[in-house]
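This is what each chain is made of:
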Amino acid sequence: MNLLVTGGCGFIGSNFVRQRLAGSDPLLPKLVNLDKLTYAGNPANLADCTHDPRYVFVQGDIGDPALVARLLAEHAIDAIVNFAAETHVDRSIDSPEPFVQTNVVGTLRLLNGARQHWTKLPEPRKSAFRFLHVSTDEVYGTLAPDGAPWNENCPYEPNSPYAASKAASDHLIRAFRHTYGLPTLTTNCSNNYGPYQFPEKLIPLVTLNALDGKPLPVYGDGGQIRDWLYVEDHCTAIWLVLQRGRLGETYNIGGLSEKRNLELVKTICALLDRKAPRADGSPHAALITFVQDRPGHDRRYAIDCAKIQRELGWAPRESFATGLEKTVDWYLAHLPWCREITEQRYAGERLGTKV
Ligand code: NAD
Ligand code: DAU
């Protein structure tokens, strides 16, 4: 199948593209990556893929109907995986509008383009066409400490502008399936971590601040819980759903690995104490600084991934301990990639400003 990936220069998208292009997959003649290259999109994330003859990069917006129509026709696209989004909750609190523009309007326009393309396809390509929308567990809201992890039947209760925009996009996917019969699939995943995550997110932010001897900002009391999944496991799940998921269904994907933020930050500090000790011998945890909480901060996320386990045989392969150590090692080995972002492209716009 010829695949259109959107947002492939971001964190999860770039890991997905690299995973798909690894080896010679006879199922993948062509992979087109449509990315607007916002502050979070970085072509350097896929520098090692640019020479692959199957890979085509196009800078552009999922909300550009003419461009989307041209790409779908020109590259005879058989499947779309939509990663493109504004993704950072804090930014959505400061400025919600770009989130509605890309996550809602952009997804709607991409769906419209997909529908027009799909309607004209001859069989058997029409029946085989797929639109997979990558979404988040944040659409479900927040869980009580003793609440059962979310399954696919839980009600949507998004709390942040980011979560609301993703919830709206999920509803559009559902509506396009129900109304027009477009062959859609939706995945709702928990917090990802791993290589190439933009350093405004908790794990890379703490790792890089600690190496620089800067404060490690912990929001509120640090008692919030997230369910962490190694990014490669997420990418494997998306590919499985794309190939074998039941049309119109949603699949929850989670790490089975709930951690409190403060515990997570302390674990990163302990890893760095071993791998990159501070010159004065003091522990990195001494840099932990409690700061003002995120407004409306969701207390706990946790995913019940029994459906994808049962139907598609997927389970996370990476343990949190090994995944986190691999991730910290990756950042230590890729400091020029980090510095290019923090010192040039990003220029301290947000990093550390909360402290
Ligand atoms: P990211 O912020 O790292 O990357 C987003 C990418 O989308 C960037 O390359 C950006 O340039 C591109 N983009 C933004 N607006 C665009 C537009 N209008 N047109 C084309 N490209 C555009 O995001 P991520 O963390 O890799 O997340 C990818 C997807 O997975 C998102 O849809 C997100 O909601 C979802 N998700 C993320 C997580 C997580 O923990 N990171 C968890 C569950 C779901
Ligand atoms: O659950 C999936 C979601 O995970 C994705 O849909 C989002 O796109 C992704 O950004 C992520 O959202 P979070 O808000 O959970 O991730 P973030 O890394 O921003 O924060 C993780 C937790 O750490 C959260 O409880 C807020 C807290 N935090 C974050 C930052 C940046 C801090 O305590 N200090 C910080 O400096």
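The residue numbering used here restarts from 1 in each chain and proceeds along that chain's sequence as written. For naming, the first written chain is A and the first written ligand is 1, with later ones following in the order written. Totals for whole chains, interfaces and linings use every residue, but because this is a predicted model, local features are given only for residues with pLDDT of at least 70 and side-chain atom pairs only at 80 or more, for both listing and counting. With hydrogens and water stripped out, all remaining heavy atoms of the structure feed into the side-chain values.

Caption draft 1: Main features of the overall build of the protein chain. To qualify as a helix, a DSSP run of H or I must reach at least 4 residues; to qualify as a strand, a run of E must reach at least 2; elements of each kind are numbered from the N terminus. Secondary structure assignment for the protein chain yields 12 helices and 13 strands. Computed over the C-alpha atoms, the radius of gyration of the protein chain is 20 Å, within 12% of the 20 Å expected from 2.2 N^0.38 for a compact globule of 355 residues. Once the C-alpha set of the protein chain is aligned to its principal axes, its extents read approximately 70 × 45 × 40 Å. When accessible area is computed with a 1.4 Å probe and restricted to protein chains, residues below 20% of their type maximum are described as buried, those above 50% as exposed, and intermediate ones as partly exposed. Evaluated residue by residue, the protein chain yields a buried proportion of 55% over its 355 residues. Whether two residues touch is decided by their heavy atoms; if any such pair falls within 4.5 Å, the residues are in contact. Within the protein chain, counting contacts between residues at least 6 apart in sequence, those at least 24 apart form 82% of the total. A total accessible area of about 14500 Å² is found for the protein chain, and carbon and sulfur atoms account for 54% of it. Note that the radius of gyration is over C-alpha atoms, with the globule rule given as 2.2 Å times the number of residues to the power 0.38. Computed with a 1.4 Å probe, the accessible areas rest on the Shrake-Rupley method; for each residue, only the protein chains presented here act as cover.

Caption draft 2: Broad picture of the site of ligand 1. Taken together, 28 residues are adjacent to ligand 1, and Ile 12, Asp 35, Thr 87, Tyr 162 and Lys 166 come closest. Thr 102 places a polar side-chain atom, nitrogen or oxygen, 3.0 Å from a nitrogen atom of ligand 1. Separating an oxygen atom of ligand 1 from a side-chain N or O atom of Tyr 162 is a distance of 2.7 Å. Considering ligand 1 on its own, with 840 Å² of exposed area, one finds that the protein chains cover 97% of that surface. Secondary-structure elements contributing two or more residues to the shell around ligand 1 are α1 (11-21), β5 (130-136) and α6 (161-180). Top element by residues in the shell around ligand 1 is β5. It accounts for three residues. Three residue categories are used. Nonpolar comprises Ala, Val, Leu, Ile, Met, Phe, Trp, Tyr, Cys and Pro, charged comprises Asp, Glu, Lys and Arg, and polar comprises the others, including Gly. Taken together, the residues of the shell around ligand 1 break down into 12 nonpolar, 12 polar and four charged. Whether a residue is near a molecule or strand depends on its heavy atoms: it is near if one of them lies within 4 Å of it. Each polar contact in these results corresponds to two N or O atoms within 3.5 Å; when the atoms are within protein, one needs to be able to donate a hydrogen and the other to accept it, and residues that are neighboring in sequence are counted only if both atoms are side-chain atoms.

Caption draft 3: Summary view of the nonpolar core. Nine residue types can take part in a nonpolar core, namely buried Ala, Val, Leu, Ile, Met, Phe, Trp, Tyr and Cys, and a core is a set of them joined through side-chain atoms within 4.5 Å. Within the largest apolar cluster, 42 residues are counted, with the highest numbers of intra-cluster contacts made by Leu 3, Phe 16, Val 81 and Ile 308. Among the secondary structure elements, those contributing two or more residues to this core are β1 (2-6), α1, β4 (79-82), β5, β6 (184-189), α8 (231-244), β11 (250-253) and α10 (306-312). Considering every element that reaches this core, the biggest residue donor is α8, with eight residues. When near neighbours in sequence (up to four residues on either side) are disregarded, Phe 16 contacts Leu 3, Val 5, Val 81, Phe 83, Cys 235, Ile 238 and Trp 239.

Caption draft 4: Region of interest: the packing of aromatic side chains. Each Phe, Tyr or Trp ring (for Trp, its six-membered ring) is paired with any other whose centre lies within 6.5 Å, and the angle between the two planes then decides the class: stacked below 30 degrees, edge-to-face above 60, tilted in between. The tally for this structure, following the rule as stated, stands at 16 aromatic pairs. Considering the side-chain rings of Tyr 140 and Tyr 156, the 5.6 Å spacing of their centres and the 85° angle between planes classify their relative orientation as edge-to-face. Residue Tyr 140 is found in the loop between β5 and α6, and its partner Tyr 156 is found in the loop between β5 and α6; the two are separated by 16 residues along the sequence. Three or more aromatic residues link up through ring pairs in this structure, and these residues are Tyr 140, Trp 150, Tyr 156 and Tyr 301. One residue, Arg 20, lies across the ring of Trp 239, its end atom 3.8 Å from the ring centre. Remark: a charge is flagged as sitting over a ring if the NZ atom of Lys or the CZ atom of Arg is within 6 Å of the ring centre and within 35 degrees of the ring normal. For Arg 91, the ring lying beneath its charged end belongs to Tyr 39, and the centroid distance is 3.6 Å.

Caption draft 5: Expanded view of the pairing of strand β2 (residues 30-35). Counting buried positions along β2 gives five out of six residues, so the element sits mostly inside the fold. Pairs of strands are assigned from DSSP output, requiring at least two bridges between the strands. Bridging between β2 and strand β3 (residues 55-59) involves five bridges; their strand directions are parallel. Within the sheet, the bridge partner assigned to Asp 35 lies in β3 and is Gln 59.

Caption draft 6: Focus on the site of ligand 2. Not every one of the 23 residues close to ligand 2 is listed here, only the nearest: Asp 137, Tyr 162, Asn 191, Arg 294 and His 297. Within the contact set of ligand 2, an oxygen atom lies 2.6 Å away from a side-chain nitrogen or oxygen of Tyr 162. About the coverage of ligand 2: the protein hides 94% of its 690 Å² of free accessible area. Only α7 (202-211) and β8 (216-219) provide two or more residues apiece to the shell around ligand 2. The element that contributes the greatest number of residues to the shell around ligand 2 is β8, accounting for three residues.

Caption draft 7: Molecular detail of the side chain of Asp 78. Note that Asp 78 resides in the loop between α2 (65-74) and β4. Assessed through its relative accessible area of 16%, Asp 78 is described here as buried. Here the side chain of Asp 78 touches Arg 125 through a polar contact of 2.9 Å, side chain to side chain.

Caption draft 8: Spotlight on the pattern of salt bridges. Salt bridges, as used here, are contacts in which a Lys or Arg side-chain nitrogen is within 4 Å of a carboxyl oxygen on Asp or Glu. If you walk through the whole model with that rule in mind, you get 18 salt bridges. We note a salt bridge from Glu 318 to Lys 326, for which the minimum N-O separation is 2.8 Å.

Caption draft 9: Looking closely at the sheet that holds β6. Pairing is parallel across the open sheet formed by seven strands, whose spatial order is β3-β2-β1-β4-β5-β6-β11. Two strands lie at the open edges of the sheet, namely β3 and β11, each paired on one side alone. Adjacent strand axes in the sheet meet at a mean angle of 20°, parallel and antiparallel pairs treated alike. Pairing between β1 and β4: four bridges, direction parallel. Within the sheet, the bridge partner assigned to Val 5 lies in β4 and is Val 81. To obtain an axis, a line is fitted to C-alpha atoms, over the contacting stretch when the element is a helix, and the angle between two such axes runs from 0 to 180 degrees between their N-to-C directions.

Caption draft 10: Up close: the confidence of the model for the protein chain. Confidence of the prediction at every residue is given by pLDDT, a number between 0 and 100. Across the protein chain, the average pLDDT comes to 96, with 97% of residues at or above 70. Taken element by element, the predicted model of the protein chain shows its lowest mean pLDDT in helix α12 (residues 335-345) (84) and its highest in β5 (99). Throughout residues 351-355 the model reports pLDDT below 50, and contacts reaching past four residues in sequence, or to other chains, amount to 12 contacts.

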